[in-house]
Amino acid sequence: MSIKKLNKDVFKSFVDSMIASDQSVVGVKEKVQAKGNKFAFGPLENADQLRLDYDVTLIPPKKYMLPQTETLLTYEVKGESKQHVDEQKLILVGVHPYDMIAINQMDELFSQDEYDTHYMTRRNNITVIACDVVNASENIFASSMETAVVEKGFDILLTDLGKGKEYVAEAITEKGEALLATAVDATDADDKDIAKRSAIQEANKKDLDKHTLNCKPSELSSLLEQAYEHPVWEEKAKTCFSCGSCNTTCPTCYCFDVQDLVNWNLKDGQRERSWDGCLLKDFANVAGDHNFRKQKESRFRHRLYRKGKYVPTKIGGQVACVGCGRCVGACVPDIANPVAVYNRLLEDIKP
Ligand code: SF4
Ligand code: SF4
């Protein structure tokens, strides 16, 4: 597969030609907000809107594979039901390595056991253009979680060699190769360009670390095996609002709720699924109003166990925290940072 070099103008024409094609194109844009501007994925109308120098997006790109709310099927109460599967083609531009790794994890989870047709159809119709980080966000700790660079899952990987003046673009799939071929006037990257890219990636492996985990991610599972009754769960959960922001902003949280909604005519309706979050009070509420995680501390503990122990046992040891830092910024009482909790446990327990 090819590795190309695109100067600023060639890159701009490449993005504009994607936008002019019959596929929808979504990328990272600046979002004007009351408390300082932030970044978010949204539909691109022209190349100038694309901001590959972003630090982190408010919501991760998982929303394009697993929307906040979707209709799974519509039905008639006394008749047929019809499955709804979204087959729209999409190009997703500017996915950071840690978010790409989170998508790779969801791909594994949604294709094992019960294959999820809705998620997987969307995923297979998305062409992903990933990009290396050029500006670290204030809470990133991807270096600690070994997610600062990514090697698979994307179709094209872009690396900015210097303030948006030049990019190296590597296609690793046939879809990516075909798309990159539309970058008219791109030249082959030479050894010097590839060496520059390696230097950027090696630096990111060390420097994207605003919070440092005091053990290897692979040691978290054995740490947690000994931590179920530790006082940290109660200490931290005391100030938890059960707002669920740490779940909804997380690229690796994929829990959902499914509801059958009957229309006012009582003749038909739809089955919808929406994001759910294990920190929400009703998450573990079941029929008969039994809640098997009624206490805040048990919900708080569950989230950290899920990231460090439960999900890794399902996907070959991969930790379900990729160090994006979104939960750290989203949590008003400042208790959601997984590194702070795991490091607190490490003070008392040897993994
Ligand atoms: S737990 Fe927090 S830092 Fe880790 S992936 Fe989720 S949002 Fe990002
Ligand atoms: S964001 Fe903070 S306050 Fe809200 S549920 Fe998560 S830990 Fe609790």
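Because the structure is predicted, anything quoted here is derived from the model rather than measured.

(A) Here's a closer look at the domain arrangement of the protein chain. As assigned here, the protein chain comprises domain 1 (3–207) and domain 2 (217–348). Its C-alpha centre places domain 1 at a distance of 25 Å from the equivalent point of domain 2. Of the residues lining the interface, 43 residues belong to domain 1; the matching set on domain 2 comes to 42 residues. Taking both partners together, domain 1 and domain 2 bury about 3,400 Å²; carbon and sulfur atoms supply 59% of that area. Counting the surface domain 1 buries against domain 2, the share from its top three residues, Tyr75, Gln105 and Phe141, is 20%. Linking domain 1 with domain 2 are four salt bridges. Put simply, Arg273 and Glu70 hold a salt bridge, and the shortest N to O gap is 2.7 Å. Summed over the shared surface of domain 1 and domain 2, the result is 21 residue pairs in polar contact (both at pLDDT 80 or more). Those elements that provide at least two residues to the side of domain 1 that touches domain 2 are strand 4 (69–76), helix 2 (97–111) and helix 3 (117–124). Of all the elements, helix 2 adds the most residues to the side of domain 1 that touches domain 2, at nine residues. In the side of domain 1 that touches domain 2, the residues fall into 22 nonpolar, 12 polar and nine charged.

(B) Main features of the packing of helix 2 against helix 3. Taken N-terminus to C-terminus, the directions of helix 2 and helix 3 make an angle of 135 degrees; their axes are 9 Å apart at the nearest point. Considering the angle they form, helix 2 stands oblique to helix 3. The element helix 2 and its partner helix 3 pack so that their crossing is left-handed. Within the contact between the two elements, helix 2 uses Met100, Ile103, Asn104, Met106, Asp107, Phe110 and Ser111 and helix 3 uses Tyr119, Met120 and Arg123. Class assignment of the residues belonging to the contact of helix 2 with helix 3 gives a composition of six nonpolar, two polar and two charged.

(C) Seen up close, the site of ligand 1. Near ligand 1 the following residues occur: Phe141, Cys250, Pro251, Arg303, Lys307, Cys321, Val322, Gly323, Cys324, Gly325, Cys327 and Pro338. Along the lines of polarity and charge, the residues of the shell around ligand 1 split into eight nonpolar, two polar and two charged.

(D) Quick look at the side chain of Asn204. Inspection of the secondary structure assignment puts Asn204 in helix 5 (residues 191–207). Not counting chain neighbours up to four residues away, the residues in contact with Asn204 comprise Asp132, Val133, Ser143 and Ala148.

(E) Spotlight on the sheet that holds strand 6 (residues 90–95). Here eight strands make up an open sheet; going across it, the order is 3-2-6-7-8-9-1-10 and the pairing mixed. With one partner strand each, in any of the chains shown, strand 3 (38–43) and strand 10 (187–188) form the two edges of the open sheet. In this sheet, strand 10 lies alongside strand 1 (residues 3–7) in antiparallel orientation, the contact comprising two bridges. Residue pairing in the sheet places Lys5 in a bridge with Thr187 of strand 10.

(F) Local environment of the packing of helix 9 (residues 296–314) against helix 11 (residues 338–348). Running from amino to carboxyl end, helix 9 crosses helix 11 at an angle of 90 degrees, the nearest separation of the two axes being 11 Å. For the element pair helix 9 / helix 11, the angle class is roughly perpendicular. Residue-level contacts link Phe300, Arg303, Leu304, Lys307 and Gly308 of helix 9 to Pro338, Val341 and Tyr342 of helix 11. A per-class count over the contact of helix 9 with helix 11 returns five nonpolar, one polar and two charged.

(G) Structural view of the pattern of salt bridges. Evaluated as defined, the whole model comprises 20 salt bridges. A salt bridge links Glu235 to Arg344; the shortest N-O distance between them is 3.6 Å. Taken together, the residues span a long stretch of sequence, with Glu235 in helix 7 (residues 232–237) and Arg344 in helix 11 at a distance of 109 residues. You can call Arg344 partly exposed: its relative accessible area is 21%. Linking Glu347 and Arg344 is a salt bridge whose minimum nitrogen-to-oxygen distance equals 3.6 Å. One end of the pair, Glu347, and the other, Arg344, are both in helix 11, three residues apart, so they sit about a helical turn from each other.

(H) Summary view of the environment of Lys152. If you trace the backbone, Lys152 turns up in the loop between strand 7 (126–131) and strand 8 (156–160). A relative accessible area of 55% means that Lys152 is categorised as exposed. The spacing of Lys152 and Asn104 is 48 residues in sequence and 8.0 Å in space, taken between C-alpha atoms. In this structure, Lys152 is in contact with Met100, Asn104 and Ile172, ignoring residues within four places of it in sequence.

Criteria and cut-off values
Residues numbered from 1 in each chain as written. Chains lettered and ligands numbered in written order. Predicted model: local features only at pLDDT ≥ 70, side-chain atom pairs only at ≥ 80, totals over all residues. Heavy atoms only, no water. Domains from an automatic or database assignment. Contact = heavy atoms within 4.5 Å. Buried area = accessible area lost by both parts, 1.4 Å probe. Salt bridge = Lys/Arg side-chain N within 4 Å of Asp/Glu carboxyl O. Polar contact = N/O pair within 3.5 Å; in protein donor to acceptor, adjacent residues only side chain to side chain. Helix = DSSP H or I, 4+ residues; strand = E, 2+ residues; numbered from the N terminus. Nonpolar A, V, L, I, M, F, W, Y, C, P; charged D, E, K, R; others polar. Axes fitted to C-alpha atoms, helices over the stretch in contact; angles between N-to-C directions. Parallel < 35°, antiparallel > 145°, perpendicular 65-115°, else oblique. Left-handed = near helix turned anticlockwise from the far one by under 90°. Near = heavy atom within 4 Å. Pairing = 2+ DSSP bridges. Buried < 20%, exposed > 50% of the residue type's maximum accessible area, 1.4 Å probe, protein only.

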